[in-house]
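The residues making up each chain are set out below.
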Amino acid sequence: MDKKLLKEKVIALAKENSADIVGFAPAERFEKDSPIFRLLPETKTVIGLAFRVLRGTYRGIEEGSTYYQYTTMAVENMEETIMPMALLKVSMMLEEEGFTALPQRRHQQIMAEENSTNPEVAYDAVYRGRTAETQIDFLDTAIKCGLGEKGFHNVLLTDEYGPMVRYCFILTDAILDESPIVEPHLCDKCGECKKGCPGHAIAEDGGVDPWQCAVYYNGANGTKNPFMPPEAFADFDDRLEIISGEAKVTPETAKAILDKIYFYPPAQHAYQCSICGRNCDVACYVHLEEKDVLTKKFREPFRKRPEWKFSVEDFK
Amino acid sequence: MLTSDLIKQKAKQLGASVCGIGRVYEEENPQRDPRMILPNAKAIIGFGFAVPKGIYKAMENGSQYYTYTTLGVKYEDEEMMEIFLLKMGGMIENEGYDACLQKSIPNLRIKGDKATNPEVKDTYELIHAEAVAPGKPVPDVIIDFGKAAKACGLGEMGLNGKIVNKKYGPFMRYCFIITDAPLDCDEPLTETVCDKCGKCMEACPGHAVTENGLDTWQCSVYYKGAHKSNPFMTEEFLKNHPNREQIINGEFRFDADSAREIYKEMKFLPDTQWGYSACICGKKCDIACYRHLIGEL
């Protein structure tokens with residue numbers, strides 16, 4: 001099949017299976033020692049598939065009214081059901097056309113690092129130090145595929161949906177015309193993401209402390225958690241610092257705090273329920289919407305009223 | 001009007017790589033008999049979903065294992081084929097016929113089946129089950145996927161216990177629908193696909209494939225990574241076990257009890273939802289089989 005037709009077929013099939021943005025990176029955009037060549041040495045093209053996270057899934061946490069929908073629909077269902085379907089169907093089609101295809105999804109519970117974590121899953125469900133399990137750099141690969149640009153807090157920002165996307169890839173030996181790399185133009189380093197984090201997990205340089213993030217993703221900030229009882233963290237000397245989001249955690253203290261967060265059930269596949277509601281991403285989105293730089297428009301702005309917040313006094 | 005062509009067309013559209021329609025076949029074991037599931041069954045429709053060979057290549061070159069388990073096993077069986085079956089079944093029932101969906105049941109064994117399924121962390125034999133009436137088989141009735149695939153003309157059971165398809169070899173997973181719809185049927189597979197070459201036997205690091213077929217308990221231990229070729233294995237694995245060397249060299253013979261004892265020590269990669277274990281042997285048997293079928297071995 002002609003490569004132009006094949007590319008059109010990839011895009012059509014990906015979109016039919018819920019992908020919103022499809023980008024193509026030629027192998028030349030990757031360093032020779034890139035993991036993509038360890039995985040599939042014959043890789044000629046990396047296909048990036050981005051899926052929007054519906055803005056409405058953030059609404060419940062924004063309003064403080066419903067929390068479970070974000071984690072189940074915007075994280076678990078997308079990662080475990082929607083995105084694999086597109087990955088497999090496009091991969092099957094490429095192989096039907098005589099090429100080799102290797103789908104790449106995030107392996108949420110496996111990491112090469114010895115002492116890190118993934119805030120989206122239970123810390124004790126993570127298998128660390130698994131260097132033999134090759135994993136690609138998702139953000140870097142997304143940028144090389146032309147899906148979007150890197151935002152200050154190390155997330156992908158797309159022209160259409162800002163940070164409200166999730167993404168995955170297919171490595172293939174098919175040669176497909178490349179997508180242009182996006183010239184960064186969305187992130188103005190405003191710092192709204194940093195201010196939005198209820199646990200101060202984002203550093204001055206935009207780096208995210210995964211343990212700090214995990215603690216507050218799971219709801220350690222009582223001023224932003226409607227499920228936290230007044231006596232929460234009673235055994236901790238610095239309980240008010242934890243509850244106000246001012247505590248600086250270490251991996252050990254983070255585990256101790258996470259062990260005491262029992263106020264809300266986890267989802268399936270080891271996913272923890274997000275209580276912060278990805279407020280970093282929401283703050284970023286609100287800023288981009290105010291600047292009117294996103295191509296996907298809504299009839300109403302996302303933020304309709306000032307953010308709600310409890311007082312730390314309630315926990316004294 | 002529901003026709004075989006329409007079913008095959010729809011199956012392709014919904015993502016199946018192959019589809020065949022077989023006549024309901026004679027089955028000696030009532031616990032495997034599709035007619036015990038739908039007494040007036042006329043046809044069994046088989047669907048195969050290819051597992052991308054790129055996934056096997058990543059295991060073969062030792063770079064990535066978990067994608068096979070999450071996408072090639074768990075997702076295909078538990079999400080992709082379930083959604084597919086519901087859509088196909090809906091189409092058949094819209095025409096007034098019954099559609100009895102048959103997905104794989106990974107963790108159950110019928111009463112009397114002492115084997116296991118290496119793909120999951122353990123299996124449960126339905127030892128307490130009783131027939132609900134005279135003439136009925138003991139539940140659950142679980143059809144033999146190998147026989148069903150053959151009846152549908154899709155493939156046959158290979159030496160290593162995997163169904164082998166002429167085009168995709170063992171890189172395919174299956175599901176079925178038993179129906180009373182009067183469909184035109186394909187001929188059952190008569191030609192041989194598995195020529196018993198023994199390449200799968202040679203490739204298995206745990207010597208689980210013999211001339212008599214697959215020793216499922218032996219397979220289950222090495223599937224989960226007991227062989228020294230496991231890149232996640234450290235010196236701590238079975239450090240004080242008296243048979244450590246034999247085990248990691250693939251020379252120890254396991255039965256149900258000894259296999260279950262070793263399972264506890266094998267935490268190399270996480271299990272997935274529904275209890276699918278990470279495949280760490282890299283499916284060397286299937287890869288050898290495929291390479292033989294395409295003339296490389």
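Everything below is about the structure shown above.
Just so it is clear, the model here is predicted, and its values are computed rather than measured.

Some details on the overall build of chain B
Okay, so step 1: On a plain count of helices and strands, chain B comes out with 10 helices and 10 strands.
Okay, so step 2: Scaling as 2.2 N^0.38, a compact globule of 297 residues should have a C-alpha radius of gyration of about 19 Å, and chain B matches this with 20 Å.
Okay, so step 3: C-alpha atoms of chain B, sized along the principal axes, occupy 65 × 45 × 35 Å.
Okay, so step 4: Total accessible area on chain B stands at roughly 12,900 Å², and carbon and sulfur atoms take up 50% of it.
Okay, so step 5: Averaged over its 36 positive side-chain charges, chain B has a centre that lies 3 Å from the centre of its 42 negative ones.

A short note on helix H10 (residues 284-293) of chain B
All names here are of chain B.
Okay, so step 1: When you tally the buried positions in H10, you get 7 out of 10 residues, the bulk of the element.
Okay, so step 2: Buried within H10 we find Cys 285, Asp 286, Ile 287, Ala 288, Cys 289, Tyr 290 and His 292.
Okay, so step 3: On its buried side, H10 packs onto helix H3 (53-60), strand E7 (163-164) and helix H6 (199-203).
Okay, so step 4: Positioned one or two residues after H10, Gly 295 has a phi angle of 90°, which is positive.

Describing the interface of chain A and chain B
Okay, so step 1: Taken together, the 32 residues of chain A in the interface contact 37 residues of chain B.
Okay, so step 2: Together chain A and chain B conceal approximately 2,900 Å² of surface at their shared face, both sides included; 58% is due to carbon and sulfur atoms.
Okay, so step 3: The interface formed by chain A and chain B holds 2 salt bridges in total.
Okay, so step 4: Salt-bridge contacts for Lys 74 of chain B lead to Glu 80 of chain A; the nearest nitrogen and oxygen are separated by 3.5 Å.
Okay, so step 5: Counting across the chain A and chain B interface gives 21 residue pairs in polar contact (both at pLDDT 80 or more).
Okay, so step 6: Of all the secondary structure elements, the ones that give two or more residues to the side of chain A that touches chain B are helix H2 (35-39), helix H4 (68-96) and strand E3 (101-104) of chain A.
Okay, so step 7: Element by element, the count of residues in the side of chain A that touches chain B is highest for H4 of chain A, at 11 residues.

Some remarks on the pairing of strand E6 (residues 165-172) of chain A
Residues and elements named next belong to chain A.
Okay, so step 1: Most of E6 sits out of view: 8 of its 8 residues are buried.
Okay, so step 2: Here E6 shows two buried faces, one formed by Val 165, Tyr 167, Phe 169 and Leu 171 and the other by Arg 166, Cys 168, Ile 170 and Thr 172.
Okay, so step 3: The sheet contact formed by strand E2 (residues 45-52) and E6 spans 8 bridges and is antiparallel. What sits directly across from Ile 47, in E6, is Ile 170.
Okay, so step 4: Bridge count for E3 against E6 is 4 bridges, and the pairing is antiparallel. In the strand pairing of E6, Pro 103 is matched with Ile 170.

Structural notes on the sheet that holds E2 of chain A
Residues and elements named next belong to chain A.
Okay, so step 1: The strand order across the open sheet formed by 4 strands is E1-E2-E6-E3, and the pairing between neighbours is antiparallel. Two strands lie at the open edges of the sheet, namely strand E1 (21-26) and E3, each paired on one side alone. With strand direction ignored, the average angle separating the axes of adjacent strands in the sheet is 20°.
Okay, so step 2: Both E1 and E2 contribute to a ladder of 6 bridges, which runs antiparallel. Bridge assignment links Ala 25 to a residue of E2, and that residue is Val 46.
Okay, so step 3: Against the sheet, H4 contacts E2, E3 and E6, and its axis sits at roughly 25° relative to E6.

Re the packing of aromatic side chains
Okay, so step 1: Scanning all chains against the criterion turns up 24 aromatic pairs over all chains.
Okay, so step 2: Plain terms: the ring middles of Tyr 167 of chain A and Phe 169 of chain A are 6.0 Å apart, the flat faces sit at 75° to each other, and that makes the pair edge-to-face. As far as the burial class goes, Tyr 167 of chain A and Phe 169 of chain A line up, both buried.
Okay, so step 3: Centre to centre, the rings of Tyr 56 of chain B and Tyr 68 of chain B are 5.3 Å apart; their planes meet at 55°, and the pair counts as tilted.

Calculation criteria
- Residues numbered from 1 in each chain as written.
- Chains lettered and ligands numbered in written order.
- Predicted model: local features only at pLDDT ≥ 70, side-chain atom pairs only at ≥ 80, totals over all residues.
- Heavy atoms only, no water.
- Helix = DSSP H or I, 4+ residues; strand = E, 2+ residues; numbered from the N terminus.
- Rg over C-alpha atoms; globule rule 2.2 N^0.38 Å.
- Areas by Shrake-Rupley, 256 points an atom, 1.4 Å probe, with all protein chains shown as cover.
- Lys, Arg positive; Asp, Glu negative; His and termini not counted.
- Charge placed at Lys NZ, Arg CZ, Asp CG, Glu CD.
- Buried < 20%, exposed > 50% of the residue type's maximum accessible area, 1.4 Å probe, protein only.
- Contact = heavy atoms within 4.5 Å.
- Buried area = accessible area lost by both parts, 1.4 Å probe.
- Salt bridge = Lys/Arg side-chain N within 4 Å of Asp/Glu carboxyl O.
- Polar contact = N/O pair within 3.5 Å; in protein donor to acceptor, adjacent residues only side chain to side chain.
- Pairing = 2+ DSSP bridges.
- Axes fitted to C-alpha atoms, helices over the stretch in contact; angles between N-to-C directions.
- Phe/Tyr/Trp six-rings, centres within 6.5 Å; stacked < 30°, edge-to-face > 60°.

From the geometry alone we can't say anything about function, so treat these as descriptive.
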